[in-house]
Amino acid sequence: MARSARAQEEIRRFLDIEAVQVAELDLDGDEAVLRPGPGSPPVTHGEVFVLVRRGGRPVGTLLGRVPEGADAKAVLAERAKAVLAERPKAWQAPEGSGPPYASVVVATRERAGQLARALDSLLAQDHPRFEIVVVDNAPVTSETRELVEGKYGERVRYVREPVPGLAVAHNTGLAAARGEVVAFTDDDVVADPRWLAELTAPFAADPGLGCSTGLILPARLTTPAQVLLESHGGFAKGFTPRTYDPARPPGDEPLFPFTAGRFGSGANMAFRTAVLRSVGGFDPATGAGTPARGGDDLYGFVRVLAEGHRLRYTPSALVWHHHRETWQDLQSQAYGYGAGLTAYLTAVLVNRPALLPAFLAKLPRGLARARALTAVRATEGGGAPGDHDTRTHPWPRRLSRLQRRGMVYGPVGYLRARRALRARGEGAG
């Protein structure tokens, strides 16, 4: 208990604030529209984390303070003008290139309440043609099946996958998908109504695109752990659209394509179905629910890029994520990040050993960059959610240590997961 209290105190030193309201501000023409984030109460005075939209599309975030008695919309709209002035217009698909038929896969395990919230948002998507597939991963009760079949009927397909592990569940969803594009999200998100259309439209515009990812923002920031995670950057990758092309490696990514964490996250990703199937899907020895702890999404990104396909980051494709709430969750998450990182790298090199020379050649520059980023994270003070295009968010030393320990463990966890799959007769890689 004393150790836990010391950990909380150390982590709290990085916070300027411990709870923040979440809101959306849409500046379309002369009239601003302010509304609370998903699941949040109406905005009052105090600190507010704001997603700024232009014509409905996300263009930036800011942290504003509304004085007591002030008009929240007027105060935040004035702050947002600076954000709008610096943001390019959002990418839009060319005329006549509507989004392709899509399958949305949601893997879940014993979280029916969260799943219902996610499915309600997915069924409200502004997309011309899509299906939803729920993969019930290693269930111990019938709660998920009863929810899907009882509340959603034929609008959502239910598939049971008895083998635990997120990558295994995603591969089951991939096998069941009927769409030209298969999108993946989690059961703890609320999808913006335009999410699926924005995420899948780039595939119609670019025949060489193999993968797209989108923006992930916090649905609530009501606990210190949630505020700290978002202060470190959360899951967001900024508001600048970007295409990663293996034929033209980016100069600012010395380990490309192995810096997969910069491309996106598994709660908001889509693949051309045929491309993902051609590389064998996700490595089943990676992902949450396995000893590897994570890395299944990163593995998918690198495998697709390594086959010569492009990846598009599209910030206008937005989901709201319900971050974990406790300090213990946050520390487990930091360890899992590290483990998933090295587990996925191990998986890539085991399954594609031809990539090893390129990885070793890029490793020195990549390590130098990693040391520079670690130094930034170790800086104390100034922890508050803000502009996601800024990469200098502080990260407590305790969490950095846990992340490094996870990195040491990752290859071991991956090999343990492979052995467990072989023992079950499932295979790996």
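Thresholds, definitions, all that
Residues numbered from 1 in each chain as written. Predicted model: local features only at pLDDT ≥ 70, side-chain atom pairs only at ≥ 80, totals over all residues. Heavy atoms only, no water. Helix = DSSP H or I, 4+ residues; strand = E, 2+ residues; numbered from the N terminus. Core = buried A, V, L, I, M, F, W, Y, C linked by side-chain atoms within 4.5 Å. Buried < 20%, exposed > 50% of the residue type's maximum accessible area, 1.4 Å probe, protein only. Contact = heavy atoms within 4.5 Å. Polar contact = N/O pair within 3.5 Å; in protein donor to acceptor, adjacent residues only side chain to side chain. Phe/Tyr/Trp six-rings, centres within 6.5 Å; stacked < 30°, edge-to-face > 60°. Lys NZ or Arg CZ within 6 Å of the ring centre and 35° of its normal. Axes fitted to C-alpha atoms, helices over the stretch in contact; angles between N-to-C directions. Left-handed = near helix turned anticlockwise from the far one by under 90°. Nonpolar A, V, L, I, M, F, W, Y, C, P; charged D, E, K, R; others polar. Pairing = 2+ DSSP bridges. Parallel < 35°, antiparallel > 145°, perpendicular 65-115°, else oblique. pLDDT = per-residue confidence, 0-100.

**Focus: unusual backbone geometry**
- Each neighbour pair has its own omega, and for Phe-256 with Pro-257 the value is 5 degrees, a cis peptide bond.
- Mapped onto the fold, Pro-257 is located in the loop between strand S11 (242-244) and strand S12 (269-272).
- Positive phi, close to 55 degrees, is recorded for Glu-110, a residue that is not glycine.
- With respect to the helices, strands and loops of the structure, Glu-110 is situated in the loop between strand S5 (102-108) and helix H3 (112-123).
- Not every positive phi belongs to a glycine, and Ala-138 is a case in point at roughly 50 degrees.
- Along the polypeptide, Ala-138 turns up in the loop between strand S6 (130-137) and helix H4 (143-152).

**Some points on the nonpolar core**
- Judged by nonpolar contacts, the single largest core of 58 residues is most densely connected at Val-104, Leu-119, Leu-122, Trp-195, Leu-217, Trp-320 and Leu-330.
- Setting aside residues no more than four positions away along its own chain, Trp-320 makes contact with Val-22, Glu-24, Pro-38, Leu-51, Arg-53, Asp-188, Val-189, Val-190, Asp-192, Leu-217, Pro-218 and Ala-219.
- Counting residues in each nonpolar core, the second largest holds 47 residues, with Ala-107, Val-168, Phe-256 and Leu-311 among its members.

**Let's talk about the environment of Glu-307**
- When you line up the elements, Glu-307 lands in the loop between helix H9 (296-306) and strand S13 (310-321).
- Between the C-alpha atoms of Glu-307 and Ser-278, which are 29 residues apart in sequence, the distance is 9.5 Å.
- Apart from residues lying up to four places away in sequence, Glu-307 is in contact with Val-279 and Arg-352.
- A polar atom in the side chain of Glu-307 sits 2.5 Å from the side chain of Arg-352.

**Observations regarding the packing of aromatic side chains**
- Evaluation of the coordinates by the stated rule reveals nine aromatic pairs.
- Considering the side-chain rings of Tyr-244 and Phe-263, the 4.6 Å spacing of their centres and the 55 degrees angle between planes classify their relative orientation as tilted. Note that Tyr-244 is positioned in strand S11 and Phe-263 in the loop between S11 and S12, a separation of 19 residues in sequence. The exposure classification of Tyr-244 matches that of Phe-263, with both residues buried.
- Among the aromatic residues, those joined into a cluster by ring pairs are Phe-184, Phe-271, Phe-282 and Phe-301.
- For the cation-ring pair, Arg-129 lies above Tyr-101, with the distance from its terminal atom to the ring centre recorded as 3.9 Å.

**Examining the packing of H3 against H4**
- Where H3 meets H4, the axes come as close as 10 Å, and the angle between the chain directions of the two elements is 35 degrees. As for how H3 packs across H4, the hand of that crossing is right-handed. Only Glu-143, Thr-144, Leu-147, Val-148, Lys-151 and Tyr-152 of H4 make contact with H3, whose side of the interface consists of Ala-112, Leu-115, Ala-116, Leu-119, Asp-120 and Leu-123.
- Grouping the amino acids of the contact of H3 with H4 by side-chain chemistry returns eight nonpolar, one polar and three charged.

**With respect to the sheet that holds strand S4 (residues 57-66)**
- Here we have four strands laid out as an open sheet, ordered S2-S1-S3-S4, and mixed in their pairing. Pairing within the sheet leaves two strands with one partner each, and these edge strands are strand S2 (31-36) and S4. Ignoring strand direction, the axes of neighbouring strands in this sheet form an average angle of 25 degrees.
- Bridging between strand S1 (residues 21-28) and S2 involves six bridges; their strand directions are antiparallel.

**So, the pairing of strand S10 (residues 209-218)**
- Most of S10 is tucked away: 10 of the 10 residues are buried.
- Pairing of S10 with S13, which is carried by nine bridges, proceeds in the parallel orientation. Its bridge partner being in S13, Gly-214 is matched across the sheet by Thr-314.
- Across three bridges, S10 lies against S12 in antiparallel orientation.

**Observations concerning the environment of Arg-155**
- Examined against the element boundaries, Arg-155 turns out to sit in the loop between H4 and strand S7 (157-161).
- On the accessibility criterion, Arg-155 (49% relative accessible area) is partly exposed.
- As for Arg-155 and Val-133, which are separated by 22 residues in sequence, their C-alpha atoms are 9.3 Å apart.
- Excluding its chain neighbours within four sequence positions, the residues that come into contact with Arg-155 are Leu-123 and Ile-132.
- A polar side-chain atom of Arg-155 sits 3.4 Å from the main-chain carbonyl oxygen of Lys-151.

**Let's talk about the packing of helix H10 (residues 327-351) against helix H12 (residues 397-424)**
- Packing of H10 against H12 brings their axes to within 6 Å, and their N-to-C directions diverge by 45 degrees. In terms of orientation, H10 lies oblique with respect to H12. Pair H10 / H12 crosses with right-handed handedness.
- Class assignment of the residues belonging to the contact of H10 with H12 gives a composition of 15 nonpolar, eight polar and three charged.

**A look at the confidence of the model for the protein chain**
- Taken as a whole, the protein chain shows an average pLDDT of 89; of its residues, 87% reach a score of 70 or greater.
- Predicted confidence is poor over residues 378-382, with pLDDT under 50, and the contacts of this stretch with residues over four places away or in other chains come to 12 contacts.

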